[in-house]
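# A look at the structure
Each chain, written out:
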Amino acid sequence: MIVKREKVNLDHEVWKFIKQEGLQGKRILLAVSGGLDSTALAAVLARLHKKSHLGICYFHHGEDSNQDYRKEAQSFVEKLARTLELPFYPLKSTQLAKTEAQYRELRYAALSQLMQEQGYDCLATGHHRDDLLETRVLRLIRGTGAQGLQAMHVYKDQIFRPFLETSKKELKQYLRSVKLRELSDPSNESLDPMRNWLREDWFKALEKRKKGSLESLARSLETLAKDLDPIRWGELLEKNEAFNTQGLSRAFYLTLTPIEQKRLLAQYLFALGKRDFSQAHLEEIQKRLDKPQKVITFKVGGFHWEINAEQIKVQS
């Protein structure tokens, strides 16, 4: 039963992002390597999106010491595309890269050209919450400002990353639930020594020392990234007619990302002079609001909430 619940939740979360970003009618090219995250990406989108609007691409990085695996991976992804009844586009680099940055640059250039040639509107990748955490911590170690903490977005510059709030563990459970397997690329262990040290040593030691630490760290950095984005919050607060101490506009609330929704709920409670609430309370309120009913009442954090078709309000 646990696996089934995870599968349904992931479908639901990705569908929310598709609607939120207005991608329902868009043609989406999927970058699939055969690994856990991109295989899960293909499985999810094949269930949620029109198959006539999807395509799968495998990018072969060239003939080097890892070429045997890449040949296997390309065959695996081609078979996956057939299973999911999606078009398959094999691409191969004419240059050999030496660093992770070079691999990424060559890959995205080729994918961008394919998108233009085949008429795709955006590119979907399988980057997940663990990837985002690694990138943010690496940037902090190397030195970054608020902009660097942004790192990746669910949708920006025609790139769709629907798994940024999903852990690798959750993706693994999902893949098992839909009876698909993935491949493991041996070159991933040597592309970026610092990233691998974080993933295999520091993160594991931290989680062993205190269970749940990585999830808390990921959430904290996500909150900081949003809190330190003055441009985004300046734009949000310009729409303040949708927010006052009498309540929140439900229509406006539904246009926001999950992080923005949580921030708006916190701002509303602060405006009411209420301070005794936690991130867990805000997340529970979000969960209650994520329902289709027009009228909802509930109590969370000691506050009585009353929701109707137009308004979200704390009862006085």
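Residues numbered from 1 in each chain as written. Predicted model: local features only at pLDDT ≥ 70, side-chain atom pairs only at ≥ 80, totals over all residues. Heavy atoms only, no water.

What follows is about the overall build of the protein. If you tally the helices and strands in the protein, you get 13 helices and 11 strands. Split into buried and exposed, the 316 residues of the protein put 43% on the buried side. When the accessible surface of the protein is totalled, it reaches about 17,400 Å², and 50% of it is carbon and sulfur. (Helix = DSSP H or I, 4+ residues; strand = E, 2+ residues; numbered from the N terminus. Buried < 20%, exposed > 50% of the residue type's maximum accessible area, 1.4 Å probe, protein only. Areas by Shrake-Rupley, 256 points an atom, 1.4 Å probe, with all protein chains shown as cover.)

Right, let's get into a nonpolar patch on the surface. On the surface, I141, M194, W197 and W202 cluster together into a nonpolar patch covering about 370 Å² of accessible area. Sorting elements by how many residues they give to the nonpolar patch places helix α8 (residues 193–209) first, with 3 residues. Its location among the elements puts W202 in helix α8. (Patch = residues over 30% accessible without salt bridge, like charges linked within 9 Å, V, L, I, M, F, W, Y side chains within 5 Å. Salt bridge = Lys/Arg side-chain N within 4 Å of Asp/Glu carboxyl O.)

Moving on, we get to the packing of aromatic side chains. As enumerated under the stated definition, the model contains 5 aromatic pairs in all. Put simply, the rings of Y268, F298 and W305 touch in pairs and so form one group of aromatic residues. Sitting over the face of the ring of Y120, R27 holds its NZ or CZ atom 4.1 Å from the ring centroid. (Phe/Tyr/Trp six-rings, centres within 6.5 Å; stacked < 30°, edge-to-face > 60°. Lys NZ or Arg CZ within 6 Å of the ring centre and 35° of its normal.)

Strand pairing in a sheet takes place through backbone hydrogen bonds and is either antiparallel or parallel in direction. Read from one edge of the open sheet, 6 strands run β3-β2-β1-β4-β6-β5, paired in mixed fashion. The sheet is open, and its two borders are formed by β3 (88–92) and β5 (155–156), each paired with just one other strand. Pairing between β5 and strand β6 (residues 159–160): 2 bridges, direction antiparallel. Bridging from a neighbouring strand, Y155 pairs with F160 of β6. Where helix α3 (residues 67–84) meets the sheet, it contacts β2 (54–60) and β3, and its direction lies at approximately 175° from that of β2. (Pairing = 2+ DSSP bridges. Contact = heavy atoms within 4.5 Å. Axes fitted to C-alpha atoms, helices over the stretch in contact; angles between N-to-C directions.)

On to the pattern of salt bridges. If you walk through the whole model with that rule in mind, you get 15 salt bridges. A salt bridge links E283 to K262, with the nearest nitrogen and oxygen atoms 3.2 Å apart. You can see E283 sitting in helix α13 (residues 279–289) and its partner K262 sitting in helix α12 (residues 258–271), a full 21 residues away along the chain. For E283, a relative accessible area of 21% gives the class partly exposed. For K262, a relative accessible area of 10% translates into the label buried. Here E284 and K287 are joined by a salt bridge, their closest N and O atoms 4.0 Å apart. Remark: K287 and E284 occur in helix α13; sequence separation between them is 3 residues, near one turn of the helix. Among the residues examined, E284 registers a relative accessible area of 25% and is labelled partly exposed. In this structure K287 comes out as exposed when scored by relative accessible area, which is 54%.

With respect to the helices, strands and loops of the structure, K294 is situated in the loop between α13 and β9 (296–300). Exposure remark for K294: the relative accessible area of 63% places this residue in the exposed category. Taking the C-alpha atoms as reference points, K294 and Q311, separated by 17 residues in sequence, lie 9.8 Å from one another. Ignoring anything within four residues of it in the chain, the contact list for K294 reads R250, I307, N308 and A309.

Closest axis-to-axis distance for the helix α5 (residues 129–142)/α8 pair is 10 Å, and the angle between their directions is 110°. Here α8 runs roughly perpendicular to α5, going by the angle between their axes. Between α5 and α8, the contacting residues are D131, L133, E134, T135, V137, L138, I141 and R142 on the first element and M194, R195, L198, R199 and F203 on the second. For the contact of α5 with α8, the class distribution of residues is 7 nonpolar, 1 polar and 5 charged. (Parallel < 35°, antiparallel > 145°, perpendicular 65-115°, else oblique. Nonpolar A, V, L, I, M, F, W, Y, C, P; charged D, E, K, R; others polar.)

Interhelical geometry of α12 versus α13 gives an angle of 115° and a closest axis separation of 10 Å. When the interaxial angle is binned, α12 and α13 end up roughly perpendicular. The crossing of α12 and α13 is right-handed. Along its contact with α12, which presents P258, Q261, K262, L265, A266 and L269, the element α13 presents Q279, L282, E283, I285, Q286 and L289. Among the residues making up the contact of α12 with α13, the classes are represented as 7 nonpolar, 3 polar and 2 charged. (Left-handed = near helix turned anticlockwise from the far one by under 90°.)

Nothing here speaks to function; it is geometry throughout.
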